[in-house]
Amino acid sequence: MQVAEKIQSLEHLSQVELVAALDKYLGTERRLLGCFILYLIEFDRRKIFRELGFSSSYQWMTSGLGLSESSAVRRTNAARIMVRFPHLAERIFSEILNGQLSVMVLSMIFAHMNNENCVELIENISGKNRLEVEKFLANRIEGYHAMQSTRAWMRILPGPSKPSGSSEILEPSRASSQHVQNEVVFEAKSNQMPAPVAPATQVPGPAIRLAVTLVGEGARDLLRLRELYPYRDPSQIINDALCMMRKARDLPASRVPKAIQRKIFARDGNQCTFVSDDGRRCSERGRLQIDHILPVAKGGDDRPENLRLLCAAHNQLMAERHFGKDFMRDKIISAKH
Ligand SMILES: [Zn+2]
């Protein structure tokens with residue numbers, strides 16, 4: 001039956017029948033969404049996206065399944081809440097099914113949840129729509145509106161192989177007027193955040209453009225540091241913080257010489273080189289790491305032919321294939337302590 005005929009055939013339905021049918025289909029939609037989130041949790045736990053050639057579950061949902069970015073973010077945040085607060089999982093799942101909670105409002109509270117307030121937040125948003133939750137959070141969370149006025153997104157710019165300003169990722173108006181290599185820029189829609197400032201120096205390496213929403217203590221710290229160091233732009237502050245964290249962990253920047261690193265980034269097109277069994281190359285351009293095809297521990301060296309770019313997810317997958325999952329899990333746990 002054609003769509004037009006199908007719609008016409010509904011004309012004979014009574015008001016009660018029509019409402020009952022819509023109610024039934026909405027219930028089905030909610031049940032399917034609830035199930036999708038449960039399956040997503042397991043998909044993410046097993047990191048299956050890596051085998052399929054994606055760097056994250058989010059990448060897989062947007063590029064692989066064709067979901068919109070906002071839809072993928074909401075599903076991801078709802079799943080993360082259920083994993084992070086397992087004692088609330090049962091309640092959240094059943095309220096998604098009966099329509100008391102939507103993934104949209106769950107996503108709205110995700111960044112504000114902690115062990116102390118999680119139960120209270122869920123109780124207060126249950127049965128509320130977006131505007132009501134917005135109002136509740138504005139009263140409940142200090143500085144909520146200021147936080148909301150920045151959008152969290154991250155953009156990866158080309159690495160050292162491309163000439164400055166040639167990025168196809170940048171908007172044309174910005175690309176023509178800025179040096180875009182190796183910079184970290186805040187894109188803020190609020191006057192609460194400092195305006196983007198071009199970096200004073202160009203440092204070789206990958207480039208990441210990011211805009212983040214800092215919450216609570218993190219936001220206060222950045223504002224305090226801005227006052228303490230008025231001549232340092234946000235990218236320099238972030239750089240310094242990252243540098244301090246790396247030094248605190250005593251992690252080497254990389255054992256591969258800078259000149260060879262540049263060569264590898266250029267050769268591999270500043271993109272993860274992992275290719276899935278069905279021939280899909282990972283599109284990740286962020287968090288790229290230089291991987292030894294034959295690991296150093298197994299006699300591999302730093303010659304370019306033994307090196308390749310991998311994103312963090314695929315670097316870990318390769319390490320697991322070489323050394324086994326258990327070994328890598330122990331290594332990650334010991335690195336955290
Ligand atoms: Zn990858």
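Residues numbered from 1 in each chain as written. Predicted model: local features only at pLDDT ≥ 70, side-chain atom pairs only at ≥ 80, totals over all residues.

Another aspect to go through is the overall build of the protein chain. Within the protein chain, the secondary structure is distributed over 16 helices and 4 strands. Considering the protein chain as a whole, with its 337 residues, one finds that 23% of them fall into the buried category. Expressed as a percentage of contacts within the protein chain between residues at least 6 apart in sequence, the contacts between residues at least 24 apart total 64%. (Helix = DSSP H or I, 4+ residues; strand = E, 2+ residues; numbered from the N terminus. Buried ≥ 20, exposed ≤ 12 C-beta atoms within 10 Å, placed from the backbone. Contact = placed C-beta atoms within 7 Å.)

Here the focus is unusual backbone geometry. At Lys47, a residue that is not glycine, the phi angle is positive and equals roughly 55°. With 15 C-beta atoms packed within 10 Å, Lys47 lands in the partly exposed category. The phi torsion at Asn270 lies on the positive side, around 55°, for a residue other than glycine. Along the polypeptide, Asn270 turns up in the loop between helix 14 (258–267) and strand 3 (288–292).

Moving on, we come to the pairing of strand 4 (residues 307–311). When you tally the buried positions in strand 4, you get 5 out of 5 residues, the bulk of the element. Side chains Leu307, Leu309 and Cys311 of strand 4 all project onto a buried face; the interleaved residues Arg308 and Leu310 project onto the opposite face, where all are buried too.

Attention shifts here to the packing of helix 2 (residues 15–45) against helix 6 (residues 86–97). Interaxial distance between helix 2 and helix 6 falls to 8 Å at its minimum, and their mutual angle equals 150°. It follows from the interaxial angle that helix 2 and helix 6 lie roughly antiparallel. In contact with Arg30, Arg31, Leu33 and Gly34 of helix 2, helix 6 contributes Phe93, Ile96 and Leu97. (Axes fitted to C-alpha atoms, helices over the stretch in contact; angles between N-to-C directions. Parallel < 35°, antiparallel > 145°, perpendicular 65-115°, else oblique.)

Put simply, helix 2 and helix 5 (residues 69–84) touch, their axes get as near as 9 Å, and they point 75° apart. For the element pair helix 2 / helix 5, the angle class is roughly perpendicular. Between helix 2 and helix 5, the contacting residues are Phe36, Ile37, Leu40, Ile41 and Asp44 on the first element and Arg75, Ala78, Ala79, Met82 and Val83 on the second. Of the residues contributing to the contact of helix 2 with helix 5, the split by class is 8 nonpolar, no polar and 2 charged. (Nonpolar A, V, L, I, M, F, W, Y, C, P; charged D, E, K, R; others polar.)

Time to look at helix 8 (residues 118–125). Three- or four-residue spacings in an α-helix give side chains the same orientation, since the helix completes a turn every 3.6 residues. Among the residues of helix 8, those classed as buried are Leu121, Ile122 and Ile125. End-on view of helix 8: buried residues confined to an arc of 95°, all on one side of the axis. Within helix 8, the exposed residues directed more than 90 degrees away from the buried face are Glu120 and Glu123. Immediately downstream of helix 8, the backbone of Gly127 shows phi near 80°, a positive value. (Arc of directions from axis to C-beta.)

Residues of the protein chain with pLDDT of at least 70 account for 75%, and the chain-wide mean is 79. Confidence over residues 150–203 falls short of pLDDT 50; this stretch has 102 contacts with residues more than four positions distant or in other chains. (pLDDT = per-residue confidence, 0-100.)

One finds Ala78, Val105, Leu106 and Ile109 to be the most contacted residues of the largest nonpolar core, which totals 20 residues. Within the residue set of this core, elements represented by two or more residues are helix 2, helix 5, helix 6, helix 7 (103–110), helix 8 and helix 9 (130–140). At 5 residues, helix 7 tops the list of elements feeding residues into this core. Counting 16 residues, the second largest nonpolar core, distinct from the first, contains Phe49, Ile264, Phe265 and Leu310. (Core = buried A, V, L, I, M, F, W, Y, C linked by C-beta atoms within 7 Å.)

Of the residues making up helix 4 (residues 57–64), those classed as buried are Ser57, Trp60 and Met61. Relative to the axis of helix 4, the buried residues are bounded by an arc of 95° and lie together on one face. Summarising the contacts, the buried residues of helix 4 are in contact with helix 2, helix 3 (48–51) and helix 5. After helix 4 finishes, the residue Gly66 shows a positive phi value of roughly 80°.

Turning to the environment of Ala319, a few remarks are in order. You can see Ala319 is positioned in helix 15 (residues 312–323). C-beta crowding within 10 Å serves as the criterion here: with 19 such atoms nearby, Ala319 is assigned to the partly exposed category. Spatially, the C-alpha atom of Ala319 lies 9.7 Å from that of His292, the residues being 27 residues apart in sequence.

This paragraph deals with the environment of Ile208. With respect to the element layout, Ile208 can be found in strand 2 (residues 207–211). The class of Ile208 is partly exposed, set by 19 C-beta atoms lying within 10 Å. For the pair Ile208 and Arg287, spaced 79 residues apart in the sequence, the C-alpha separation amounts to 8.6 Å.

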